[in-house]
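# Structural description and commentary
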Amino acid sequence: MALIKCPECGKEVSDKAAVCPNCGAEIAPAEVKAVICPECGSEIDPAQNICKNCGYDPVRIAKGKSRKKKKIITIVLCAAVLITIIAGVAFLINANKRTSYVVEACKELSSAEHGLPDIKAIYTSEDAGDDSTINYVYRVYIEYMSGSRTNQVLYLVDKKDETFYITKGSKEDLSSYLSMAYVEIFGVKGFLDPHGNWDKMSESDIAKIKKKVE
């Protein structure tokens, strides 16, 4: 119920009242604005809220739109969850792949007599390289101490999953890969900045690798 003003005395009365209780003036019923059907242009029956001409039902249409909106939201949420799961699986696969390659590289570096040398740093790269000698898909670069000197080795994995263990003493066509990795990681002071997609392993991750090898 709403309150309206009496057209005669101005007092507030119920919009449902037939006459004003103050002055007795007749209260005209509020004019009901006609609702036009958006489908055919005819007037919608206010009692049933349905178009008399074409049967258009705004309530049913609104419910249908609501259901459609909920369905779209559900699909979007399911897609987001699926993408998250795929990304998580891909991350785990990549992490396991990196660990396995680094472990293999460290096993190559380890000797039966002295075991694994003191590793200073390990860098990994998933950048693929198409070359006349090696079409590599993964690289592991290791810096380690040999006496008082710092040495480097490079472990390459090619598209056929064949591996190459490269040191400064390797054949010239292979040792160039070690030099190329060094330049990509550290650059050339005063001439070239580091470039290439290399990730440096944390000390805690290196410690875990050492345990797997030893």
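## Here we look at the overall build of the protein chain
Within the protein chain, the secondary structure is distributed over 3 helices and 9 strands. Counting all 214 residues of the protein chain, 28% fall into the buried class. The long-range share in the protein chain, meaning contacts at least 24 apart out of those at least 6 apart in sequence, stands at 36%. Of the accessible surface of the protein chain, which amounts to about 14800 Å², a share of 54% is contributed by carbon and sulfur atoms.

## Quick notes on the sheet that holds strand 9 (residues 199–200)
Pairing between the strands of a sheet comes from backbone hydrogen bonds, and it takes one of two forms, parallel or antiparallel. Strand order in this open sheet of 5 strands is 8-7-6-5-9, and the pairing throughout is antiparallel. Edge positions in the open sheet fall to strand 8 (163–166) and strand 9, since each of these has one partner strand only. Across 7 bridges, the pairing between strand 5 (residues 118–125) and strand 6 (residues 136–146) is antiparallel. Residue pairing for strand 6: Ala-121 is matched across the bridge by Glu-143.

## Remarks on the pairing of strand 7 (residues 149–158)
Successive residues of a regular strand alternate their side chains across the two faces of the sheet. With 8 of its 10 residues buried, strand 7 lies for the most part within the structure. Linking two consecutive strands that pair antiparallel, namely strand 6 and strand 7, is a turn of 2 residues; a positive phi of about 70° is found at Gly-147 within it. A loop of 4 residues connects strand 7 with strand 8, the two strands running antiparallel in sequence, and Asp-161 in this loop sits at a positive phi of about 65°.

## Describing unusual backbone geometry
Phi angles above zero are rare outside glycine, and Asp-161 is one such case at about 65°. With respect to the helices, strands and loops of the structure, Asp-161 is situated in the loop between strand 7 and strand 8. Note on Asp-161: relative accessible area 52%, which makes it exposed.

## Some details on the packing of aromatic side chains
The tally for this structure, following the rule as stated, stands at 7 aromatic pairs. Here Tyr-141 and Phe-186 contribute two aromatic rings whose centre-to-centre distance is 6.2 Å and whose plane-to-plane angle is 65°, an arrangement assigned as edge-to-face. Residue Tyr-141 is located in strand 6, and its partner Phe-186 is located in helix 2 (residues 172–186); the two are separated by 45 residues in the primary sequence. Aromatic ring contacts, followed pair by pair, group Tyr-123, Tyr-141, Tyr-182, Phe-186 and Trp-198 into a single cluster.

## Considerations on a nonpolar patch on the surface
A cluster of nonpolar side chains, contributed by Val-188, Phe-191 and Leu-192, occupies part of the molecular surface with about 320 Å² of accessible area. For Phe-191, a relative accessible area of 74% translates into the label exposed.

## Thoughts on the nonpolar core
Val-102, Cys-106, Ile-119, Ile-122, Val-140, Ile-142 and Ile-209 are the most contacted members of the largest nonpolar core, which totals 20 residues. Counting only elements with at least two residues in this core, the list comes to helix 1 (58–109), strand 5, strand 6, strand 7 and helix 3 (203–213). With 6 residues, the top contributor of residues to this core is helix 1. What Ile-142 contacts, discounting residues up to four positions off in sequence, is Ala-105, Cys-106, Leu-109, Ile-119, Ala-121, Ile-122, Asn-151, Gln-152 and Val-153. Residues Ala-121, Tyr-141, Leu-156 and Leu-178 belong to the second largest nonpolar core, which totals 15 residues.

## Structural notes on helix 2
Given a rise of 1.5 Å per residue, 15 residues ought to cover 21 Å, and the 21 Å separating the end C-alpha atoms of helix 2 matches this to within 8%. Among the residues of helix 2, Leu-174, Ser-175, Tyr-177, Leu-178, Ala-181, Glu-184 and Ile-185 are the ones counted as buried. Of the surrounding secondary structure, the elements contacted by the buried residues of helix 2 are strand 5, strand 6, strand 7 and strand 8. Following helix 2 by one or two positions, Gly-187 adopts a phi angle in the positive range, close to 70°.

## Observations regarding the side chain of Thr-124
Examined against the element boundaries, Thr-124 turns out to sit in strand 5. Given the relative accessible area of 2%, Thr-124 is considered buried. When residues no more than four places from it in sequence are discounted, the contact partners of Thr-124 are Arg-98, Val-102, Tyr-138, Arg-139, Val-140, Asn-197, Trp-198 and Asp-199.

Calculation notes
Residues numbered from 1 in each chain as written. Predicted model: local features only at pLDDT ≥ 70, side-chain atom pairs only at ≥ 80, totals over all residues. Heavy atoms only, no water. Helix = DSSP H or I, 4+ residues; strand = E, 2+ residues; numbered from the N terminus. Buried < 20%, exposed > 50% of the residue type's maximum accessible area, 1.4 Å probe, protein only. Contact = heavy atoms within 4.5 Å. Areas by Shrake-Rupley, 256 points an atom, 1.4 Å probe, with all protein chains shown as cover. Pairing = 2+ DSSP bridges. Phe/Tyr/Trp six-rings, centres within 6.5 Å; stacked < 30°, edge-to-face > 60°. Patch = residues over 30% accessible without salt bridge, like charges linked within 9 Å, V, L, I, M, F, W, Y side chains within 5 Å. Salt bridge = Lys/Arg side-chain N within 4 Å of Asp/Glu carboxyl O. Core = buried A, V, L, I, M, F, W, Y, C linked by side-chain atoms within 4.5 Å. Expected span 1.5 Å × (residues − 1).

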